[in-house]
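# Understanding the architecture of this molecule
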Amino acid sequence: MDLSQNVKAVEEKIAAAARAAGRDPGEIALCAATKVQTDDTIRAAIAAGIRLCGENRVQELTAHLEANAYAGADVHFIGHLQTNKVRQVVGRVSLIHSVDSARLLQAIETQADKLGLRQDILLEVNVAGEASKGGVSPEELPRLAELALACPHIRLRGLMAIPPVSTVSGANRKYFSQIRNLFVDIMSKMSDNQYNMDCLSMGMSADYEDAVAEGATLVRVGTALFGPRPPMSPAQ
Ligand SMILES: *Cc1c(COP(=O)(O)O)cnc(C)c1O
């Protein structure tokens with residue numbers, strides 16, 4: 001596996017998908033999904049041009065931060081976040097992608113207030129109604145967005161979604177399009193521009209080009225950069 005080559009190939013595909021959709025490739029950020037990767041692999045990815053890492057698990061985030069493995073890149077939290085682990089994440093990442101409940105929102109607000117900072121977040125939407133996944137339903141989204149906007153130590157930057165896993169090319173386009181519509185709708189309701197709702201996080205290795213075609217501003221890519229992962233242990 002050649003990381004530099006993979007980074008270049010993924011960046012080229014993002015740029016091509018953007019141009020085909022009449023978009024500026026510069027609008028789309030590539031977030032390397034670094035779960036299960038070692039400190040050295042993360043350093044190699046950054047040396048190969050990765051500017052943003054997305055971490056899934058609090059334990060891995062903490063270890064990589066202690067090892068200074070992300071030097072030269074920005075870090076986001078993209079995994080499911082438990083309320084009791086918020087203290088280990090708030091203020092340590094520039095964006096939390098996976099906020100999906102009022103309880104989690106409140107825990108982040110409390111911790112950000114304590115640290116005297118403002119935490120950027122996305123709300124995670126469960127657009128296909130999959131019971132096994134996190135994310136707020138499209139129906140509940142406006143209420144949660146209003147709660148987020150009322151939190152003085154939180155800045156709502158946009159939405160994140162993980163559509164169903166599919167092996168059929170193009171199968172997720174309809175979900176990406178639904179998510180984009182939700183994003184546009186929320187933005188128009190919260191037209192006060194101080195909030196900078198500019199981030200639509202969707203698309204992974206199997207479908208990031210479709211996500212870009214449908215308006216993603218950030219894609220989270222693991223396998224296409226790092227190769228297949230070993231099976232994961234159950235989530236903590
Ligand atoms: C693992 C992961 C990804 C990347 O998945 P790949 O299919 O390996 O590209 C993206 N987003 C989240 C939230 C993940 O957990």
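Above this text you will find the structure in question.
Bear in mind the structure is a predicted one, so any value in this text is a computation, not a measurement. (Residues numbered from 1 in each chain as written. Predicted model: local features only at pLDDT ≥ 70, side-chain atom pairs only at ≥ 80, totals over all residues. Heavy atoms only, no water.)

## A closer look at the packing of helix 5 (residues 141–149) against helix 6 (residues 173–189)
Contact pair helix 5 / helix 6: the axes reach a minimum separation of 11 Å and the direction vectors enclose 45°. Taken together, the axis directions place helix 5 and helix 6 in an arrangement best described as oblique. The crossing of helix 5 and helix 6 is right-handed. Residues L141, P142 and A145 of helix 5 pack against L182, I186 and K189 of helix 6. A breakdown of the residues in the contact of helix 5 with helix 6 according to their chemical character gives 5 nonpolar, no polar and 1 charged. (Axes fitted to C-alpha atoms, helices over the stretch in contact; angles between N-to-C directions. Helix = DSSP H or I, 4+ residues; strand = E, 2+ residues; numbered from the N terminus. Parallel < 35°, antiparallel > 145°, perpendicular 65-115°, else oblique. Left-handed = near helix turned anticlockwise from the far one by under 90°. Contact = heavy atoms within 4.5 Å. Nonpolar A, V, L, I, M, F, W, Y, C, P; charged D, E, K, R; others polar.)

## Thoughts on the pairing of strand 8 (residues 218–221)
On a regular strand, each side chain points to the face opposite its neighbour's, so the side chains alternate between the two faces of the sheet. Across the two faces of strand 8 the burial is the same, with L218 and R220 and V219 and V221 all buried. Where strand 1 (residues 29–33) lies against strand 8, 4 bridges are found, and the strand directions are parallel. What sits directly across from A29, in strand 8, is L218. (Buried < 20%, exposed > 50% of the residue type's maximum accessible area, 1.4 Å probe, protein only. Pairing = 2+ DSSP bridges.)

## Observations regarding unusual backbone geometry
Its identity is not glycine, yet V36 carries a phi of approximately 65°, on the positive side. On the accessibility criterion, V36 (30% relative accessible area) is partly exposed. If you check the backbone angles, N68 has positive phi at about 55° while not being a glycine.

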